[in-house]
Amino acid sequence: MISRAIGTIALLCVSNTFMTFAWYGNLKMQQIHPQIKDWPLILIILMSWGIAFFEYSFMVPANRIGSQINGGPFSLMQLKVIQEGISLIIFTLIVALVFKGEPIHWNHIAAFACIVLAVFFAFLK
């Protein structure tokens, strides 16, 4: 059961890394390659969908492995709250490491703490 939990969390981390780049990667690409600003929006959307394919390739197995429906350790509510917590952690790491210069303020840390509390409350019996 512990290996399913660890596997689920690992897959969710990979999935959320792809998700963050699918949603925000085009903004970083504009910083590196300014000509991308001139691309039609549909091309940016298609590029993001291509990245999101890999997000789903990890998210779906994570949910199947981790769900109590399939013998995993997590309820659907727990899976969703874990995913949101991981999403925020991954997003914060990518902002700090890739989008240097994007400040993190006290209210961002407070919001993060609230999501960590949400994960805690989701596991209370």
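Basis of the calculations
Residues numbered from 1 in each chain as written. Predicted model: local features only at pLDDT ≥ 70, side-chain atom pairs only at ≥ 80, totals over all residues. Heavy atoms only, no water. pLDDT = per-residue confidence, 0-100. Helix = DSSP H or I, 4+ residues; strand = E, 2+ residues; numbered from the N terminus. Axes fitted to C-alpha atoms, helices over the stretch in contact; angles between N-to-C directions. Parallel < 35°, antiparallel > 145°, perpendicular 65-115°, else oblique. Left-handed = near helix turned anticlockwise from the far one by under 90°. Contact = heavy atoms within 4.5 Å. Phe/Tyr/Trp six-rings, centres within 6.5 Å; stacked < 30°, edge-to-face > 60°. Buried < 20%, exposed > 50% of the residue type's maximum accessible area, 1.4 Å probe, protein only.

Draft legend 1. Spatial organisation of the confidence of the model for the protein chain. Per-chain confidence: the protein chain averages 92 in pLDDT, with 100% of residues scoring 70 or above. Ranking the helices and strands of the protein chain by mean pLDDT puts helix α2 (residues 41–66) first, with 96, and helix α4 (residues 106–122) last, with 87.

Draft legend 2. A look at the packing of helix α1 (residues 2–32) against helix α3 (residues 76–97). Two elements in contact, α1 and α3, have axes separated by 9 Å at closest approach and are oriented at 55 degrees. Classed by the angle they form, the pair α1 and α3 counts as oblique. Every pair of crossing elements has a handedness; the one defined by α1 and α3 is right-handed. Listed contacts from α3 to T8, I9, L12, C13, N16, T17, M19, T20, F21 and Y24 of α1 are L79, I82, Q83, I86, S87, I90, F91 and I94.

Draft legend 3. Structural detail: the packing of aromatic side chains. Within this structure, the stated rule accounts for seven aromatic pairs. Their ring planes at 85 degrees and their centres at 6.0 Å tell us that F74 and F123 sit as a pair that is edge-to-face. Of this pair, F74 sits in the loop between α2 and α3 while F123 sits in the segment after α4, and the two are 49 residues apart along the sequence. When its relative accessible area of 7% is taken as the criterion, F74 is described as buried. Note on F123: relative accessible area 31%, which makes it partly exposed. On the numbers, 5.4 Å between centres and 65 degrees between planes, the contact of F120 with F121 is edge-to-face. Judged by relative accessible area, F120 falls into the partly exposed class, the value being 48%.

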